[in-house]
Amino acid sequence: MTMRRAPILMIHGAFCGGWVFDSFAGPFRAAGHSVVALDLPGHAPQAPADAVVGLSMTDYAGAVVAAAAALPAPPVLIGHSMGGLVASMAATRAPVAGLILLAPSAPWGLTGATMEEAISAVSLYALGPYWAQAIQPDYASFRRFAVDRLPSVERHALHARMRPESGRALFETLNWWLDPFMTTMVDEAKIGAPILALAGGRDVVHPAPTVRETARRLGATFETMPQMSHWLPGEPGWEDVAARCLAWIGAAATPLAAE
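About the thresholds
- Residues numbered from 1 in each chain as written.
- Predicted model: local features only at pLDDT ≥ 70, side-chain atom pairs only at ≥ 80, totals over all residues.
- Heavy atoms only, no water.
- Helix = DSSP H or I, 4+ residues; strand = E, 2+ residues; numbered from the N terminus.
- Rg over C-alpha atoms; globule rule 2.2 N^0.38 Å.
- Buried < 20%, exposed > 50% of the residue type's maximum accessible area, 1.4 Å probe, protein only.
- Contact = heavy atoms within 4.5 Å.
- Areas by Shrake-Rupley, 256 points an atom, 1.4 Å probe, with all protein chains shown as cover.
- Salt bridge = Lys/Arg side-chain N within 4 Å of Asp/Glu carboxyl O.
- Axes fitted to C-alpha atoms, helices over the stretch in contact; angles between N-to-C directions.
- Parallel < 35°, antiparallel > 145°, perpendicular 65-115°, else oblique.
- Left-handed = near helix turned anticlockwise from the far one by under 90°.
- Nonpolar A, V, L, I, M, F, W, Y, C, P; charged D, E, K, R; others polar.

Let's talk about the overall build of the protein chain
Argument step 1. For the protein chain, the helix and strand inventory stands at 9 helices and 8 strands.
Argument step 2. Relative to the 2.2 N^0.38 estimate, which gives 18 Å for 259 residues, the radius of gyration of the protein chain is 17 Å and therefore close to what a compact globule would have.
Argument step 3. Along the three orthogonal principal directions, the C-alpha set of the protein chain runs to about 60 × 40 × 35 Å.
Argument step 4. Counting the 259 residues in the protein chain, one finds 53% classified as buried.
Argument step 5. Contacts spanning at least 24 positions in sequence make up 75% of the contacts within the protein chain whose residues lie at least 6 apart.
Argument step 6. Of the accessible surface of the protein chain, which amounts to about 10900 Å², a share of 59% is contributed by carbon and sulfur atoms.

Thoughts on helix α3 (residues 82-91)
Argument step 1. The buried count for α3 comes to 10 of 10 residues, which makes it a mostly enclosed element.
Argument step 2. For α3, every residue scored as buried is listed here: Met82, Gly83, Gly84, Leu85, Val86, Ala87, Ser88, Met89, Ala90 and Ala91.

Concerning the pattern of salt bridges
Side chains carrying opposite charge are able to pair once their charged atoms draw close together.
Argument step 1. Tallied over the entire structure, the rule returns 5 salt bridges.
Argument step 2. In this structure, Glu235 engages Arg149 in a salt bridge whose closest nitrogen and oxygen atoms are separated by 2.6 Å. Within this pair, whereas Glu235 is found in the loop between β8 (221-225) and α9 (238-252), its partner Arg149 is found in the loop between α5 (139-146) and α6 (152-161), the two being separated by 86 residues in sequence.
Argument step 3. Judged by relative accessible area, which is 1%, Glu235 ranks as buried.
Argument step 4. Assessed through its relative accessible area of 23%, Arg149 is described here as partly exposed.
Argument step 5. Salt-bridge contacts for Arg168 lead to Glu172; the nearest nitrogen and oxygen are separated by 3.1 Å. In this pair, Arg168 and Glu172 are both assigned in helix α7 (residues 167-174), 4 residues apart and thus about one turn of the helix distant.

Topic: the packing of helix α2 (residues 57-69) against α3
Argument step 1. In the contact formed by α2 and α3, the axes pass within 8 Å of each other and the chain directions differ by 65°. Looking at the two axes, α2 sits roughly perpendicular to α3. At the point where α2 passes α3, the crossing takes the right-handed sense. Where α2 approaches α3, its residues Met57, Thr58, Tyr60, Ala61, Val64 and Val65 are matched on the opposing element by Met82, Leu85, Val86, Met89 and Ala90.
Argument step 2. Among the residues forming the contact of α2 with α3, the class breakdown is 10 nonpolar, 1 polar and no charged.

Right, here's the structure in full:
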């Protein structure tokens, strides 16, 4: 008799797609997990540029809930950056075996710990009513803040795969205090599974102090990967991140029935 391993559902961050986890998913599959790396609505490679206009974080979370329901058992959700917040929101609406947050965006009500985060929260206003737009990925920001530890060739290759992002979703995430619907509020009491939150010690997008506060808010285990920056699923050292996630899943995630 053997124990079935929980399926893994991976959720990418802003401007990205399931391709973020092309390499990262490998160790999980090798360990016997089935892995689905989801493209959030409007983020598939063939989607038109305006496909994300008007999409809310609630729409993204709903897509994760639907994808989880289609799996044979409650999955472990692994979300990166904004996808970590999406995963947290989805975990309040669907049974999950565990929740892993990689450098996650903070939930409603949690203020960032650094000046860089404050600047990010207001910088998009230069575009006008950006919440009604599809926001194009900016290479300079991507290079400086997200993939600063990758060589130039890899940075450009990743940027070429990026998609426009919903201005509404960015507004709900970055300017939550102006959102009367409290869209990104996460009720931790509704997450019936253990949670791990990992931060990169060199991350300035979602720095370790902010991720620590997110972990505290959600009742999660918090750990820092000191040499890592923001691109935890793909920068040098991602194998160590995957190994830590797998070890945590083996020790903490809800086991499935024997078969």
